[in-house]
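# Residue-level structure breakdown
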Amino acid sequence: MEDKIYDMIVIGGGPAGYTAALYAARSGLSTLVLEKLTAGGQMTNTEQIDNYPGFPEGIGGFELGERMQKAALRFGAENQFAEVKSAELAGQVKRIRTRKKEFQARTVVLATGAYPRKTGVEGEDRLVGRGVAYCAACDGMFYKDKTVAVYGGGNSAVEDALLLSRICKKVYLIHRRDALRATKVYQDALFQSGVEMVWNSRITSFLSDKRLTGVELEDTKTGEKRELLLDGLFVAIGRIPDTKLFAGQVDMDEAGYLIADETTRTSLPGVFAAGDARTKQLRQVITAASDGAMAAWSAEGYLAEQHS
Ligand code: NAP
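Residue positions are counted from 1 within each chain, in the order its sequence is given. For a predicted model such as this one, the threshold for reporting local features is a pLDDT of at least 70, and the threshold for listing and counting side-chain atom pairs is 80 or more; totals across whole chains, interfaces and linings nevertheless cover every residue. Only hydrogens and water are set aside when side-chain values are computed; all heavy atoms of the structure are taken into account.

## What about the overall build of the protein chain?
Runs of H or I in DSSP of at least four residues are treated as helices and runs of E of at least two as strands, each being numbered from the N terminus. In terms of regular secondary structure, the protein chain is built from seven helices and 17 strands. Here the radius of gyration uses the C-alpha set of atoms, whereas the globule reference equals 2.2 Å times the residue count to the power 0.38. On C-alpha atoms alone, the protein chain measures out to a radius of gyration of 21 Å, which is about the 19 Å that the 2.2 N^0.38 rule sets for 308 residues. If you line up the protein chain on its principal axes, its C-alpha atoms span 65 × 40 × 35 Å. Exposure is judged per residue with a 1.4 Å probe applied to protein chains only, and the accessible area is read against the type maximum: over 50% gives exposed, under 20% gives buried, and values in between give partly exposed. Expressed as a percentage of the 308 residues in the protein chain, the buried residues total 49%. By definition, residues are in contact when any of their heavy atoms lie within 4.5 Å. A fraction of 57% describes how many contacts in the protein chain between residues 6 or more apart in sequence connect residues 24 or more apart.

Following this line, the structure appears as structure tokens:
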């Protein structure tokens with residue numbers, strides 16, 4: 001165990017985590033960010049981010065992640081690449097364990113984000129990387145001039161279908177209802193893009209040899225089944241908050257999002273939730289960054305109370 005007690009440990013190195021670290025370090029708090037793989041979190045899967053202000057030409061998600069990391073490190077925040085295995089969040093000194101080390105802090109910011117929901121259809125795990133994918137921006141180019149489908153009806157699904165329509169020979173959008181959840185601006189673009197809609201359909205099995213060759217679809221109204229031949233399937237049916245580690249310690253909603261309002265304070269004193277893992281209306285890079293700033297500000301207030 002390290003003897004040092006940080007003022008703040010941030011779990012998760014996405015826009016929420018690194019903004020919290022930037023604000024905390026700039027306020028003179030000793031700050032450590034623990035991140036699994038690369039800076040940026042889920043946004044590293046986005047080829048081009050056009051709705052984060054200050055970048056009129058847009059910016060790649062990977063680059064934005066690196067820039068956010070650099071900004072925090074410039075003010076003295078530390079970072080380590082380590083997966084958190086467990087956390088003891090109650091009490092004044094919180095203990096965070098990774099595989100090799102244990103760290104201590106007076107405040108913790110939970111900024112672990114959310115990951116893609118799976119279809120749950122048999123064979124999915126085996127076919128990941130063999131025709132089944134979750135990120136069109138990352139894997140779309142592997143399907144250049146091929147036939148693919150996107151599964152889902154939200155903004156992510158439509159965004160993916162639009163991106164793929166510029167790369168692939170043929171794109172289907174498979175949705176379980178007859179109306180999209182995606183916002184109108186996306187829908188307008190979609191209906192002009194040549195993407196073929198497959199309404200009222202759910203995937204009931206994957207067709208495959210070594211790779212995915214297609215999907216079996218069931219009509220949600222009639223129960224009728226049919227096959228659709230594909231080279232690739234992009235699953236975009238929502239996300240699941242990465243919060244299991246904190247279950248039983250911090251209050252969560254039924255979907256597993258950490259319950260916190262704009263102040264980012266959770267049910268535990270000294271523990272703050274920022275970014276996609278928090279209950280909120282709009283999950284975007286900018287709202288994650290905003291949460292990070294609020295979390296640092298709230299943590300500073302909490303630490304001041306402890307010392308008074
Ligand atoms: P989402 O909005 O929750 O949409 C998930 C879609 O998948 C829904 O259409 C849902 O169908 C369908 N679905 C869910 N579970 C399913 C299952 N088991 N089988 C089949 N279909 C299933 O998720 P999202 O598109 O990932 O977006 C997440 C958040 O990020 C949203 O707040 C979204 O607005 C935001 N986002 C914003 C942008 C942007 O503004 N640039 C881009 C991407 C995402 P139903 O409609 O029938 O429920």
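## Quick look at the site of the ligand
Contacts to the ligand come from 19 residues, most closely from Asn155, Ser156, Arg177, Arg181 and Tyr186. At 3.0 Å from an oxygen atom of the ligand is found a main-chain nitrogen or oxygen belonging to glycine 153. Pairs of N or O atoms within 3.5 Å make up the polar contacts considered here, provided that, within protein, one atom can donate a hydrogen while the other can accept it, and that residues adjacent in sequence are counted only when both atoms are side-chain atoms. Here glycine 154 contributes a backbone N or O atom positioned 3.3 Å from an oxygen atom of the ligand. Surface exposure here means Shrake-Rupley accessible area, sampled with a 1.4 Å probe, where a residue is shielded only by the protein chains that are shown. Isolated, the ligand exposes 920 Å² of accessible area, and the fraction of that covered by the protein chains is 77%. When at least one non-hydrogen atom of a residue lies within 4 Å of a molecule or strand, that residue is treated as near it.

## Overview of a positive patch on the surface
The grouping of Arg117, Arg176, Arg177 and Arg181 at the surface amounts to a positive patch. Secondary-structure assignment places arginine 176 in the loop between strand E10 (170-174) and helix H6 (184-191). Given a relative accessible area of 58%, arginine 176 falls into the exposed group. Patches here are clusters of residues that have more than 30% relative accessible area and form no salt bridge, with a 9 Å joining cutoff for like charges and a 5 Å cutoff for nonpolar side chains (Val, Leu, Ile, Met, Phe, Trp, Tyr). Each reported salt bridge corresponds to a side-chain nitrogen of Lys or Arg within 4 Å of a carboxyl oxygen of Asp or Glu. In this charge count, Lys and Arg are treated as positive and Asp and Glu as negative; neither His nor the chain ends contribute. Every charge is mapped to an atom, namely NZ of Lys, CZ of Arg, CG of Asp or CD of Glu.

## What to know about the layout of surface pockets
Empty space among the atoms can be located by rolling a probe the size of a water molecule over them. Space inside and on the surface of the protein is sampled on a 1 Å grid over the protein atoms alone, with a cavity defined as a set of points where a 1.4 Å probe fits but cannot get out and a pocket as an open set with protein on both sides within 12 Å along at least 5 of 7 lines; lining residues have an atom within 4 Å of a point. Grid points are joined across faces, edges and corners, and a volume is the space filled by probe spheres set on the points. Of the voids in this model, the second largest pocket is the one considered here, and its volume is about 170 Å³. Considering the residues around the second largest pocket, the lining is formed by Tyr18, Thr19, Leu22, Tyr52, Phe55, Leu64, Arg67, Met68, Ala71 and Ala289. Among the secondary structure elements, those contributing two or more residues to the lining of the second largest pocket are helix H1 (15-26) and helix H2 (61-74). Tallying contributions element by element places H2 first for the lining of the second largest pocket, with four residues.

## Focus on the nonpolar core
Looking at soluble globular proteins, one finds that nonpolar side chains tend to be buried together. Only buried Ala, Val, Leu, Ile, Met, Phe, Trp, Tyr and Cys residues count toward a nonpolar core, and they belong to the same one when joined by side-chain atoms within 4.5 Å. Counting 31 residues, the largest nonpolar core has Leu64 and Val109 as its most contacted members. Elements with a minimum of two residues in this core: strand E1 (5-11), H1, H2 and helix H7 (285-307). In terms of residues, this core owes the most to one element, H7, which gives eight residues. Not counting chain neighbours up to four residues away, the residues in contact with leucine 64 comprise Met43, Ile49, Tyr52, Phe55, Ile59 and Val285. Residues Val150, Ala157, Leu164 and Ile167 belong to the second largest nonpolar core, which totals 22 residues.

## Quick notes on the environment of glycine 14
Tracing the backbone shows glycine 14 in the loop between E1 and H1. In this structure glycine 14 comes out as buried when scored by relative accessible area, which is 12%. Between the alpha carbons of glycine 14 and aspartate 125 there is a distance of 25 Å; along the sequence they are 111 residues apart. Among residues more than four places away in sequence, those in contact with glycine 14 are Gly40 and Gly41.

## Let's talk about the sheet that holds strand E14 (residues 225-229)
The strand order across the open sheet formed by three strands is E12-E13-E14, and the pairing between neighbours is antiparallel. The open sheet terminates on both sides in strands that have one partner only, identified here as strand E12 (201-208) and E14. On average, each strand axis in the sheet is tilted by 30 degrees relative to the strand beside it, whichever way the strands run. Pairs of strands are assigned from DSSP output, requiring at least two bridges between the strands. When strand E13 (residues 212-219) meets E14, the two strands line up antiparallel, connected through five bridges. In the strand pairing of E14, valine 215 is matched with leucine 228. Whenever a helix is involved, its axis is fitted only over the stretch in contact; in every case the axis is a line through C-alpha atoms, and angles between N-to-C directions fall within 0 to 180 degrees.

## Side note on H1
Between its first and last C-alpha, H1 extends 16 Å over 12 residues, near the 16 Å set by a 1.5 Å rise per residue. When you tally the buried positions in H1, you get nine out of 12 residues, the bulk of the element. All buried positions along H1 are accounted for by Pro15, Ala16, Gly17, Tyr18, Thr19, Ala20, Ala21, Ala24 and Ala25. Those residues of H1 hidden inside the fold are in contact with E1, strand E2 (31-35), H2, strand E3 (78-81), strand E6 (102-110) and H7. Directly after H1, the chain includes glycine 28, whose backbone phi takes a positive value near 90 degrees. The span expected for a helix works out to 1.5 Å for each residue beyond the first.

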